[in-house]
There are 2 protein chains.
Amino acid sequence: MTAETPDTALVIFTPSGKRGRFAMGTPVLTAARQLGVDLDSVCGGRGICSKCQVSPGIGEFPKHGVTVSATALSEWNSVEQRYKDKRGMLDGRRLGCQAKVMGDVVIDVPPESQLHRQVVRKAASARVVEMDPATRLYYVEVAEPDMHEPSGDLERLSDALREQWQIEGIVAGLSVLRKLQPVLRKGKWAVTVALFKDHQNGPARVLDIWPGLYEGDLCGLAIDLGSTTIAAHLCDLRDGRVLASGGVMNPQIRFGEDLMSRVSYAMMNPGGDVEMTEAVRLALNALAQSVAGEAGIEPGAIMETVLVCNPVMHHLFLGIDPVELGQAPFALATSSSLSLAASEVGLTALNPAARFYTLPCIAGHVGADAAAVALSEAPQTSEDLVLIVDVGTNAELLLGNKTRVLACSSPTGPAFEGAQISSGQRAAPGAIEHLEIDPITKEPRFRVIGSDLWSDDPGFAAATESTGITGICGSGIIEAIAEMRLNGIVDGAGLIGGPDQTGTTRCEPEGRTHVYLIHDGTAQNGPRITVTQGDIRAIQLAKAALYAGARLLMDEFGTETVDRVVLAGAFGAHISAKHAMILGMIPDCPLDKVTSAGNAAGTGARLALCNIASRAGIEAQVKQIHKVETAIEPRFQEHFVNASAIPHATDAFPNLSKLVTIPVLAHNTQGSEGGGRRRGRGR
Amino acid sequence: MTAETPDTALVIFTPSGKRGRFAMGTPVLTAARQLGVDLDSVCGGRGICSKCQVSPGIGEFPKHGVTVSATALSEWNSVEQRYKDKRGMLDGRRLGCQAKVMGDVVIDVPPESQLHRQVVRKAASARVVEMDPATRLYYVEVAEPDMHEPSGDLERLSDALREQWQIEGIVAGLSVLRKLQPVLRKGKWAVTVALFKDHQNGPARVLDIWPGLYEGDLCGLAIDLGSTTIAAHLCDLRDGRVLASGGVMNPQIRFGEDLMSRVSYAMMNPGGDVEMTEAVRLALNALAQSVAGEAGIEPGAIMETVLVCNPVMHHLFLGIDPVELGQAPFALATSSSLSLAASEVGLTALNPAARFYTLPCIAGHVGADAAAVALSEAPQTSEDLVLIVDVGTNAELLLGNKTRVLACSSPTGPAFEGAQISSGQRAAPGAIEHLEIDPITKEPRFRVIGSDLWSDDPGFAAATESTGITGICGSGIIEAIAEMRLNGIVDGAGLIGGPDQTGTTRCEPEGRTHVYLIHDGTAQNGPRITVTQGDIRAIQLAKAALYAGARLLMDEFGTETVDRVVLAGAFGAHISAKHAMILGMIPDCPLDKVTSAGNAAGTGARLALCNIASRAGIEAQVKQIHKVETAIEPRFQEHFVNASAIPHATDAFPNLSKLVTIPVLAHNTQGSEGGGRRRGRGR
């Protein structure tokens, strides 16, 4: 970059707008690097990786005040022709390392040539995250060994990385040392290395090495390890794309459905924690292999994994007895993030040198999954007061805005995931996920996962023939109970009325209570799907716990209302905001301010995988989040008891009361919901 | 420390002589710390570890210019009395953390209270090394968890180490995280941690944790992994004492006796390198258990291991195929030191968090064992020119002084270790280790390992009844051949004469050559021990290689003579300097300047184990050592051929010729050794 002289030319890069004058003959890649323009290159300008493709413009650029002649860049050369013949290249594209500046020029860097391309763009927010993963590829030419100046192959590789990439000091584990020598010789001393350098201060670590220019896969795995289900997203570490996603049931369910029963299992059975650790690690390895297979990549191409989970799963996965998490003061063995070799935590299906990162835990009841939700939803940047609810077997709640953020967890139990529900099942094809009840006939209609048709639409039977109608999932039971309440089938205390009170024979006696029949598939050898009194009690307990957690945070924050609610979690993505509010799961709030963030914990894990600054960010942020402990807070019990009715008094729900009118059941002599509020399961 | 006022007293510590004024009431330990006096403490001044014992003096100290009154320290207190009752304490001793300064005082710090006490004192040199191991114990009191300020147990341990020991930031592996919570609770929040912090920049690593004050063992293992034998020294990491030593044969011998045959085995047999890696790791684990058993400690008390070995063993132990070391340019996979978890290299018999360190290699033929010899013998500090010869299956040689140091290796083969010798065996009870031949009768007399008697002493038969006379070890065969040469039984070319030439019927025909009978044990069902022509050829090859290596270094250094010779290695410790010189193994040198350094490689490993600065030192020093490659150096071949005679012309050995007169054999018509010098095995 020099002052304007006849020997220099003006180079303008778009979209960045960065510009400078360069001597004639300067390669475009060199100009980009000197200006700090984000132009990728794996081979370091040797014309073999094609990552530095650019689109030069020709003609008038009034906005930039230049006219670009057809000879502004050096002629198309044989390196470019060879690459185009071999791999193909869009017309008009040039290789930045080959094309030299010969006159004033405007050069566009297309998104796929940007090293820090944008990724994980959140639809619901303006936030954008750029690719800046810990693991990157570098092509290097290594000096051959010289017996008169004996140095190891690793030391000469280190020298090459210093000279060619300005990377100071590397380390390599034994899996790399084992293959280093044959790979260097096979590549005739030109190799590609995968280097890992995260937000911590350690030296760059060689994870793998390939002869010549490696053009294969480079992936990371983001894992959301829930108590009930495990979800994994396989991401391309170069562009952040999700190549495949998959999920399995957590095999620890056989040791206990909820977290506390697993803690009990560990306490009652010597070696029980080890059994559970082995089970979940086995499942994660199988899941990694399965998503890799689905994406058509070798599991060895998985260089990193980021795990988020609640504290009990965190300890059980790491092989730490979770017994302390089962009793006050709920002390974690460690609350910090962990960066380890994946093999140390038994993840052996990945690359042998793969790394493992888990986000920090917020508290003994608020885990790395809540930290991941905080990373994804960034409540600390919100102008308005946002309540984020991650619904799972253990619900985790965040409440805050720019001033401060509070967190707590609430033991909702597995009812929202379809467990402990008589016809419950997890969200899978055949499960009822949406339900409406006709106000006049009290007849239900519903939709099942796997079809867009309602059960009273023509063709529904044919459309659901392959899946059947197998049960009711979490979002289905929420809608069913809310609709039953709306239509006078269940009262404010949660009691299902008989046929004479409700006006429908679908309300059948069962023991001393009633059930509401949704679907009778027995004629087709299918199940009889009902909502029982027990189902309603289970959901009441779960939603009361959730609501009580939210109220506790609001008390602590000193607010009676929230500006918006974000529902997170796989369940949160499918829930109907209206029905959730009718049921009293969440505080009153304008319905259009209730949004779904999908699997925010999984998104947070992906962010941590794709951008190392986000790891440093969440580690710092977690220290700022104020934790509220529900288990010992008397007000939590109070809120819990008060929240078991369906729904709460309408005066506490001004937004809800605009939407629906809750009928008063014939047998409800109190004429208001007040009585029901005090009838819930007490302490 | 303040200016002289009536409220302060003068405190003088011996032997350091450090002095300062302190406020009345200052604990002696505090004064010591402020003055930088080397006074140990594990408990940090809580009066429970007793490491800070001191000996205050009373009376006149004219040398220091003070008079110490009987009340110069606070009175003996109940903490001291309790400790003395429970564990015993020498009279006159005080606990530095309890005794407070009340007047001018002279305080002696006995050696056992010095943290950096001296250790590994080399008898042969003035060098002294002080204890400064990577792993130390720290007693800390950790804050209890508080559910309103949730932080992990590890984070509170980290806080405690920062506050109580000024240790900033720690990491802990999963083996520690697994036991952290129960140990903290068992110790009622007081624990002892073993912290590892070496010469590198990483954070301190918790290796283990115990409830309360840990008073058990804390050990390290120094391993010298030779091609033929493996030696291990178990050291106390607190005072450097060797608690036990042991050795086993290298089980890789079954894959090839010397290094190159093992490299061939790896080349010819797919998976052969893996087989050899597993064999040697198995042997090291067994050896660790055996020395721990001998010392009566748990193998889990071994926190660190330092390994030295030649480059081929280095690669085979680490699991790296050594094939590149078998061919020019003899490139190492890595020449740097390695610091790893011991479990990564399969050393699972130690503490699960134990660390592994191997010294850097000097070149593809000059390994970490040679680096360890350099660390132990420090040629770079020598005023006179020293040749250090580490005799093994592969001999490694260092030549140098303060100006510079050269290194090479020489493929001597296993003959010096008793292999490839017809009656050879390794140095073990029953092996002939010393031998003399009567100049008149030509009858031999000898000593075997396990007895101090000569074979013609009365009582020899009884003394050796338990061991028998089983064979001849390396030092024995050297002496036997040198004595045969001195007594005209073998000529300068290495040929054994017949009975008519030598005048003894002990020279018996065997095929087309002769053997010399040392001992016939067949009547007692023992072996018949002879020196054969083949034995002499094997020793000639070995000693020629050794000598040629030394000559090559001398050429490179530009010298015709060396000032002194150090023989290292287990073999070097037992060799007779005179006989070695008669044989022509080492360059001519005054006999009193030929010393033995014992197992210098093992000593170097112990130094690296006990003092982390020595690790940094040898890593820097290795980069300064100039390597000479023997394998491709024409002069090496030349020296080798010229060195195969026994001995060389006396004019090249002025010191030797003063000692002995080499007889001229009847059949040696040339009358000088010149002929023999050209008769050795050529290229």
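Residues numbered from 1 in each chain as written. Chains lettered and ligands numbered in written order. Predicted model: local features only at pLDDT ≥ 70, side-chain atom pairs only at ≥ 80, totals over all residues. Heavy atoms only, no water.

Colleague: Describe in detail the overall build of chain A, supporting the description with residues and values.
Modeller: The number of helices and strands found in chain A is 19 helices and 31 strands. Counting only C-alpha atoms and orienting by the principal axes, one finds that chain A spans roughly 95 × 65 × 55 Å. In chain A, 65% of the contacts between residues at least 6 apart in sequence involve partners at least 24 apart. Summing over all exposed atoms, chain A offers an accessible surface of approximately 26,300 Å²; the carbon and sulfur share of this is 51%. (Helix = DSSP H or I, 4+ residues; strand = E, 2+ residues; numbered from the N terminus. Contact = heavy atoms within 4.5 Å. Areas by Shrake-Rupley, 256 points an atom, 1.4 Å probe, with all protein chains shown as cover.)

Colleague: Could you give an account of helix α10 (residues 474–486) of chain A, naming the residues involved and the relevant values?
Modeller: All names here are of chain A. The first and last C-alpha atoms of α10 sit 18 Å apart over 13 residues, in line with the 18 Å expected at 1.5 Å per residue. Burial analysis of α10 places 13 of its 13 residues in the buried class, the great majority of the element. Two residues or fewer past α10, Gly488 is found with a positive phi of approximately 70°. (Expected span 1.5 Å × (residues − 1). Buried < 20%, exposed > 50% of the residue type's maximum accessible area, 1.4 Å probe, protein only.)

Colleague: Residues and numbers for the pairing of strand β19 (residues 355–358) of chain B, please.
Modeller: Residue and element names in this part refer to chain B. Side chains Arg355 and Tyr357 of β19 all project onto a buried face; the interleaved residues Phe356 and Thr358 project onto the opposite face, where all are buried too. Bridge count for strand β18 (residues 338–341) against β19 is four bridges, and the pairing is antiparallel. Looking at the pairing, Ser339 lines up with Tyr357 of β19. (Pairing = 2+ DSSP bridges.)

Colleague: Break down the pattern of salt bridges for me, with residues and values.
Modeller: For the structure shown, the criterion picks out 56 salt bridges over all chains. The partner of Glu215(A) in a salt bridge is Arg87(A), with the nearest N and O atoms 2.4 Å apart. Taken together, the residues span a long stretch of sequence, with Glu215(A) in the loop between β13 (204–211) and β14 (219–225) and Arg87(A) in helix α2 (residues 78–87) at a distance of 128 residues. Using a relative accessible area of 40% as the deciding quantity, one classes Glu215(A) as partly exposed. On the basis of relative accessible area, Arg87(A) is assigned to the partly exposed category, the value being 40%. Across the pair Glu324(B) and Arg185(A) runs a salt bridge, and its minimum N-O distance is 3.0 Å. You can see Glu324(B) sitting in the loop between α7 (311–318) and β18 and its partner Arg185(A) sitting in helix α4 (residues 174–186), one on each of two chains. Under the relative-accessibility criterion, Glu324(B) is labelled buried at 10%. Each member of the salt-bridge network shares a partner with another, and the members are Arg551(A), Asp555(A), Glu556(A), Glu560(A), Glu633(A) and Arg635(A). (Salt bridge = Lys/Arg side-chain N within 4 Å of Asp/Glu carboxyl O.)

Colleague: Break down the relation of the copies chain A and chain B for me, citing the residues and quoting the values.
Modeller: The transform that puts chain A on chain B rotates by 180° and translates by 0.1 Å along the axis, for an RMSD of 0.2 Å. Expressed as a symmetry operation, the mapping of one chain copy onto the other fits a two-fold axis. Of every C-alpha in chain A, the one belonging to Gly202(A) sits nearest the axis of rotation, 3.8 Å from it. With an isologous cut-off of 70% or more, the 100% of interface residues of chain A that recur at the interface of chain B puts this contact in the isologous class. (Least-squares fit on C-alpha atoms with pLDDT ≥ 70 in both.)

Colleague: Describe unusual backbone geometry, listing the residues and the values that go with them.
Modeller: Here Ala328(A) and Pro329(A) are connected by a cis peptide whose omega angle stands at 5°. Looking at the element boundaries, Pro329(A) is found in the loop between α7 (311–318) and β18 (338–341). Although it is not a glycine, Asn525(A) sits at a positive phi angle of roughly 60°. Locating Asn525(A) in the fold gives a position in the loop between β27 (513–520) and β28 (528–531). Even without being glycine, Gln166(B) reaches a positive phi, approximately 55°. Inspection of the secondary structure puts Gln166(B) in the loop between α3 (153–165) and β11 (170–172).

Colleague: I'd love a proper account of the confidence of the model for chain A, names of residues and values included.
Modeller: Residues and elements named next belong to chain A. In this model, chain A carries an average pLDDT of 88, and 92% of its residues clear a pLDDT of 70 or more. Low pLDDT, under 50, characterises residues 121–126; the predicted model gives this stretch seven contacts beyond four residues in sequence or across chains. Note on the complex model: pTM 0.83, ipTM 0.83. (pLDDT = per-residue confidence, 0-100.)

Colleague: Before we move on, can you summarise the sheet that holds strand β1 (residues 8–14) of chain A with the specific residues and values?
Modeller: Whenever strands of a sheet pair, they do so through backbone hydrogen bonds, lying parallel or antiparallel. Residue and element names in this part refer to chain A. The strand order across the open sheet formed by five strands is β2-β1-β7-β3-β6, and the pairing between neighbours is mixed. Pairing within the sheet leaves two strands with one partner each, and these edge strands are β2 (19–23) and β6 (94–95). Pairing geometry for β1 and strand β7 (residues 105–108), over four bridges, is parallel. Bridge pairing links Ile12 to Val106 in β7.

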